[in-house]
Amino acid sequence: MPEVLVLVDLVDDGGARKVGKPALELLTIARRLGEPSAVVVGPPDADVAETLKRYGAARIYTVPDTDVSGYLVAPKAELLAQLVDRAGQEGGPAAVLLPSTGEGKEIAGRLAVKTGSGLITDAVDVTRDDDGTPMTTQSVFAGNFTVRAKVTRGTPVIAVKPNSATPEEAWAEGVVEEFTVTVPDAAKGARITASQPRQSSGRPELTEAAIVVSGGRGTGGDFEPVERFADQLGAAVGASRAAVDAGWYPHSCQVGQTGKTVSPQLYVAGGISGAIQHRAGMQTSKTIVAVNKDPEAPVFDLVDFGVVGDLHTVLPAATEQISARRHHAG
Amino acid sequence: MNIVVCVKYVPDATADRRFEDDGTVDREDVDGLLSELDEYAVEQALQIREHLEDGDGGDDVVVTALCVGPEEASDAVRKALQMGADNGVHVVDDAIAGSDAPATSLVLAEAVRKLGADSGRSLVVCGMASTDGGMGVVPAMVSERLGIPGVTLGTQITVEADTVRIRRDGETSADTVEGTLPAVLSVTDQSGEARYPSFKGIMAAKKKPVETWSLADLGIDAERVGATAAWSVVEATSARPPRTAGHVVTDEDGSGAEALVGFLASKKFV
């Protein structure tokens, strides 16, 4: 079985390092294409290795982070290129899978140039065609089109969007091997001179959440009803560009063409008109619900269920009713 | 100082975009314009120039708008000139049509090299992504090809002496990143609102020089670009079936919340 390299992003979990859900999704997808090898930057960690084994990593490359952390993007691309080269002596990996995040896509771009390989970003599904070639699915033009594509040259480099697969457990041996990367000076051009951990909102990550509740202009700057409703559902909170531009919510939470694209099981738009830029960021959500005072708002063309009404009354009342139901059931 | 700002001509994102039968984007029926995200790149290039020219040294800064695209893509160059870029370069060649990101980055990198902006005190400024392909990989690829630092996804940008410094909001942290010039800088839509061309700017743009280059001018073999040279291929495109109309209720005396919770319960979200 050919090797499939999976770049694993570790997330900070109260001081400990933990494998993020997107990496588990990538391992699940990798098993369709070959034998997953997890690539982890940083010292070996028993808990991390255990998780990677549980989700099917046949091999785990741990890479000392000297010369990798501390610089932007390029050393990670260098590392993957060296792993591709090494595997190349045995026929080459079937694919390299990375998370389709800002950094993941940049690593993919550099890796593609380094190895002379085609790349595909923002894949929402990856399958294997009859001759074993990875076949990707992307959703483009605000979700109006589905594109099936494949790489025709080199080692397919594929960046996959979070929420594109359900992580499935499948124990594998997970042989740990330390891999030392040689990072040339050319890859150390962009130095990280200061780093401030993102303050956690305590809510799920926007791009990974199964449920997202977003607020827009209609909040009038008061996100409390949106946040309380989100917390009742265990959801992430998003915002439209109008809300972000008004300074009501941080840009890191912006959903839309120039913000984050989300594809949750449920998307709730509160006081968002549904301009094309916002639609581009959420239209592939499985179920869409909107609350908006304006019955003419274009968002209602997208919804599975809509309420014409003021979010400041509808969302708090709904929050209370859900809470009562849970209390009753509990 | 040499600043090259890469601008892309894209189909209007607010229009009804679709594919041709051969898997390429239909560019006939939709108006094109300068990609909105590249307007931020032009803005930052102009602000860097203003900052350096106002400085003690009274730097001499030339901002060149560089565009790779068909004839009509000169509109994107013109918009950048109207905003305040000093001159333009438009790389146009029939062989380029259908190029993928690796080929596009090759053409851009060679054009930057011909402009001499891959050496000395130079900066290549890009938007974070195009608003059509939206991959967000070309700035990193140009940096990789030129072998110069890639200081990407900047939300706050400063250039001092030989250093470009940005704030970058990553997935898990907000970082300060520095690179020594020459460098490729990419900027997000949080870097600062792009200016509108003034009447004076529009008039002045008419007199600014725009050079047109072909692949031969860049020493690129036509076989290395275009649809046939792409390293990935679109196998099929399909339009999403129109959504079946959803159920919309009007909130009266609290009925909206009840109906909403009922819907969520029916879908097992609560």
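The residue numbering used here restarts from 1 in each chain and proceeds along that chain's sequence as written. Lettering of chains starts at A and numbering of ligands starts at 1, both following the order in which they are written. In keeping with the model being predicted, local features are shown solely for residues with a pLDDT of at least 70 and side-chain atom pairs are shown and tallied solely at 80 or more, while totals for entire chains, interfaces and linings include all residues. By convention in this description, side-chain values take in all heavy atoms of the structure and omit both hydrogens and water.

- With an unreviewed UniProt entry as reference, chain B is termed Electron transfer flavoprotein subunit beta, source organism Streptomyces phaeolivaceus.
- UniProt positions are given in the numbering used here, feature names are shortened, and annotations may be inferred rather than shown by experiment. Quoted verbatim from the Cofactor (unreviewed entry) field of the UniProt record, the comment on chain B reads "FAD".
- Per its UniProt entry, chain B bears the Subunit (unreviewed entry) comment "Heterodimer of an alpha and a beta subunit."

- Under an unreviewed UniProt entry, chain A has the name Electron transfer flavoprotein subunit alpha/FixB family protein and belongs to Streptomyces phaeolivaceus.
- What UniProt states about chain A under its Subunit (unreviewed entry) heading is, verbatim, "Heterodimer of an alpha and a beta subunit."

1. Examining the overall build of chain B
Stage number 1. The helix count covers DSSP runs of H or I at least four residues long, the strand count covers runs of E at least two residues long, and both are numbered beginning at the N terminus. When helices and strands are counted, chain B shows 7 helices and 13 strands.
Stage number 2. With residues, only the protein chains shown are counted as cover, and all accessible areas are computed by Shrake-Rupley using a 1.4 Å probe. Entry remark: accessible area of chain B is about 11,900 Å², with carbon and sulfur atoms responsible for 47%.
Stage number 3. In chain B, the 24 positive side-chain charges and the 47 negative ones have mean positions that sit 1 Å from each other. The convention is simple: Lys and Arg are positive, Asp and Glu are negative, and His and the chain ends are not counted. Where a charge lies is defined by one atom per residue type: Lys uses NZ, Arg uses CZ, Asp uses CG and Glu uses CD.

2. Details of the overall build of chain A
Stage number 1. What chain A contains, in helices and strands, is 8 helices and 17 strands.
Stage number 2. The C-alpha radius of gyration of chain A comes to 21 Å, within 12% of the 20 Å expected for a compact globule of 330 residues.
Stage number 3. Considered along the principal axes of its C-alpha atoms, chain A spans approximately 65 × 45 × 40 Å.
Stage number 4. When checking whether two residues touch, look at their non-hydrogen atoms; a contact exists if any pair is within 4.5 Å. Taking the intrachain contacts of chain A between residues at least 6 apart in sequence as the baseline, contacts between residues at least 24 apart amount to 62%. The atom set for the radius of gyration is the C-alpha atoms, and the globule formula is 2.2 Å times the number of residues raised to the power 0.38.

3. Description of the interface of chain B and chain A
Stage number 1. Counting residues at the interface gives 70 residues for chain B and 83 residues for chain A.
Stage number 2. Accessible-area loss on putting two parts together, using a 1.4 Å probe and summing over both, is the definition of buried area adopted here. Summed over both sides, the interface between chain B and chain A buries roughly 6,800 Å², with carbon and sulfur atoms accounting for 57% of that surface.
Stage number 3. Interface area lost by chain B to chain A is led by E171, W231 and R243 of chain B, which between them contribute 11%.
Stage number 4. Salt bridges are defined as contacts in which a side-chain nitrogen from Lys or Arg sits within 4 Å of a carboxyl oxygen from Asp or Glu. Connecting chain B to chain A are 6 salt bridges.
Stage number 5. Polar contacts here mean pairs of N or O atoms no more than 3.5 Å apart (in protein, one a potential hydrogen donor and the other a potential acceptor; neighbouring residues in sequence count only if both atoms are side-chain atoms). Applying the counting rule to chain B against chain A returns 29 residue pairs in polar contact (both at pLDDT 80 or more).
Stage number 6. Of all the secondary-structure elements, those providing two or more residues to the side of chain B that touches chain A are α1 (36-54), α4 (138-146), β7 (150-160), β8 (163-169), β9 (173-180), β12 (232-239), β13 (247-250) and α7 (255-266) of chain B.

4. With respect to the environment of R191 of chain A
Stage number 1. Tracing the backbone shows R191 of chain A in strand β12 (residues 190-197).
Stage number 2. Separated by 29 residues in sequence, R191 of chain A and G220 of chain A place their C-alpha atoms 40 Å apart.
Stage number 3. Once residues lying within four places of it in the same chain are set aside, the contact partners of R191 of chain A are G70 and Y71 of chain A together with T176, V177, E178, G179 and T180 of chain B.

5. Considerations on the layout of surface pockets
Over the atoms, a rolled probe matching the size of one water molecule traces out where space is still vacant.
Residue and element names in this part refer to chain A.
Stage number 1. Put simply, the grid is 1 Å and covers the protein atoms alone, a cavity is a trapped set of points that fit a 1.4 Å probe, a pocket is an open set with protein on both sides within 12 Å along at least five of seven lines, and lining residues have an atom within 4 Å of a point. Grid points are joined across faces, edges and corners, and a volume is the space filled by probe spheres set on the points. In this structure, the second largest pocket occupies an estimated 420 Å³ of space.
Stage number 2. Lining the second largest pocket are 26 residues, with R217, S240, A242, I272 and S273 positioned closest to its centre.
Stage number 3. Of all the secondary structure elements, the ones that give two or more residues to the lining of the second largest pocket are α6 (241-245), α7 (276-282) and β16 (287-292).
Stage number 4. Along the lines of polarity and charge, the residues of the lining of the second largest pocket split into 7 nonpolar, 13 polar and 6 charged. Three classes are used, and their members are as follows: Ala, Val, Leu, Ile, Met, Phe, Trp, Tyr, Cys and Pro are nonpolar, Asp, Glu, Lys and Arg are charged, and the others, Gly among them, are polar.

6. A word on the domain arrangement of chain A
Residues and elements named next belong to chain A.
Stage number 1. A domain assignment, automatic or from a database, supplies the domain bounds used here. Entries for chain A in the domain assignment read domain 1 (3-187) and domain 2 (211-328).
Stage number 2. One C-alpha centre belongs to domain 1, the other to domain 2; they are set 32 Å apart.
Stage number 3. Tallying the contact residues gives 6 residues for domain 1 and 8 residues for domain 2.
Stage number 4. When domain 1 packs against domain 2, the two sides together hide about 480 Å² of surface, and 52% of this comes from carbon and sulfur.
Stage number 5. Counting the surface domain 1 buries against domain 2, the share from its top three residues, A142, K161 and N163, is 74%.
Stage number 6. Applying the counting criterion to the domain 1 and domain 2 interface returns 0 salt bridges.
Stage number 7. Looking at the side of domain 1 that touches domain 2 residue by residue, the class counts come to 1 nonpolar, 4 polar and 1 charged.

7. A word on the sheet that holds strand β11 (residues 210-213) of chain B
Stage number 1. At least two DSSP bridges between two strands are needed for those strands to be called paired. If you walk across this open sheet you meet the 10 strands as β12(A)-β9(B)-β8(B)-β7(B)-β10(B)-β6(B)-β1(B)-β4(B)-β5(B)-β11(B), and the pairing is mixed. One side of each edge strand has no neighbouring strand; the edge strands of this open sheet are β12 of chain A together with β11 of chain B. For this sheet, the mean angle separating the axes of adjacent strands, direction not counted, is 30 degrees.
Stage number 2. With axes taken as lines fitted to C-alpha atoms, and helix axes fitted only over the stretch in contact, angles between N-to-C directions fall between 0 and 180 degrees. Where helix α3 (residues 101-114) of chain B meets the sheet, its contacts fall on β1 (2-6), β4 (62-68), β5 (87-91), β6 (122-127) and β11 of chain B, and the angle it forms with β4 of chain B comes to roughly 150 degrees.
Stage number 3. Set on the sheet, α4 of chain B makes contact with β6, β7 and β10 (183-187) of chain B; between it and β10 of chain B the angle comes to about 175 degrees.

8. What to know about helix α2 (residues 46-54) of chain A
Residues and elements named next belong to chain A.
Stage number 1. Buried within α2 we find V48, A49, T51 and L52. The arc enclosing the buried residues of α2, seen along the axis, measures out at 160 degrees, which places them on a common side. For α2, exposure combined with an orientation more than 90 degrees from the buried face picks out A46 and D47.
Stage number 2. One side-chain oxygen of the residue at the start of α2 lies 2.9 Å from the amide nitrogen of D47, identifying that residue as D45.
Stage number 3. Among the residues trailing α2, G56 stands out with phi positive, at a value near 100 degrees. Residue exposure (1.4 Å probe, protein chains only): buried if accessible area is under 20% of the type maximum, exposed if over 50%, otherwise partly exposed. Taking the helix axis as origin, the arc is that swept by the directions to the C-beta atoms.

9. Overview of the pairing of strand β7 (residues 119-128) of chain A
Residues and elements named next belong to chain A.
Stage number 1. As judged from the 3 bridges shared by β7 and strand β10 (residues 157-160), these two strands associate in the parallel manner. Each residue of the ladder has a partner; that of A123, found in β10, is V160.
Stage number 2. Examined bridge by bridge, β7 and strand β8 (residues 134-140) share 5 bridges and lie antiparallel to one another. Residue pairing across strands places V126 opposite T136, the latter belonging to β8.
Stage number 3. Hairpin connection of β7 to β8: 5 residues between the antiparallel strands, including G132 at a positive phi of 90 degrees.

10. Focus on the nonpolar core
Stage number 1. Note on terminology: a nonpolar core comprises buried Ala, Val, Leu, Ile, Met, Phe, Trp, Tyr and Cys residues joined through side-chain atoms within 4.5 Å. Counting residues in each nonpolar core, the largest one holds 75 residues, and the members touching the most others are V39 of chain A together with I3, V5, L123, V125, V164 and L185 of chain B.
Stage number 2. In terms of residue count, α1 of chain B provides more of this core than any other element does, 8 residues in total.
Stage number 3. In contact with V5 of chain B, other than residues within four places in its own chain, are A41, V42, A45, V63, T64, A65, L66 and V125 of chain B.

11. Some points on the sheet that holds strand β14 (residues 236-239) of chain A
Stage number 1. What the 6 strands build is an open sheet, ordered β14(A)-β13(A)-β15(A)-β16(A)-β17(A)-β13(B); its pairing is parallel. Of all strands in the sheet, those bounded by a partner on one side alone are β14 of chain A together with β13 of chain B. When the angles between neighbouring strand axes are averaged without regard to direction, this sheet yields 15 degrees.
Stage number 2. Running over the sheet, helix α5 (residues 224-233) of chain A touches β13 (211-215), β14 and β15 (266-270) of chain A and is turned about 175 degrees from β13 of chain A.

12. Points about a nonpolar patch on the surface
Residues and elements named next belong to chain B.
Stage number 1. On the surface, F199, I202 and M203 cluster together into a nonpolar patch covering about 300 Å² of accessible area.
Stage number 2. Examined against the element boundaries, M203 turns out to sit in helix α5 (residues 199-205).
Stage number 3. Residue classification places M203 among the partly exposed residues on the basis of a relative accessible area of 38%. A patch consists of residues exposed above 30% relative accessible area that lack any salt bridge, with like charges linked at up to 9 Å and nonpolar side chains (Val, Leu, Ile, Met, Phe, Trp, Tyr) linked at up to 5 Å.

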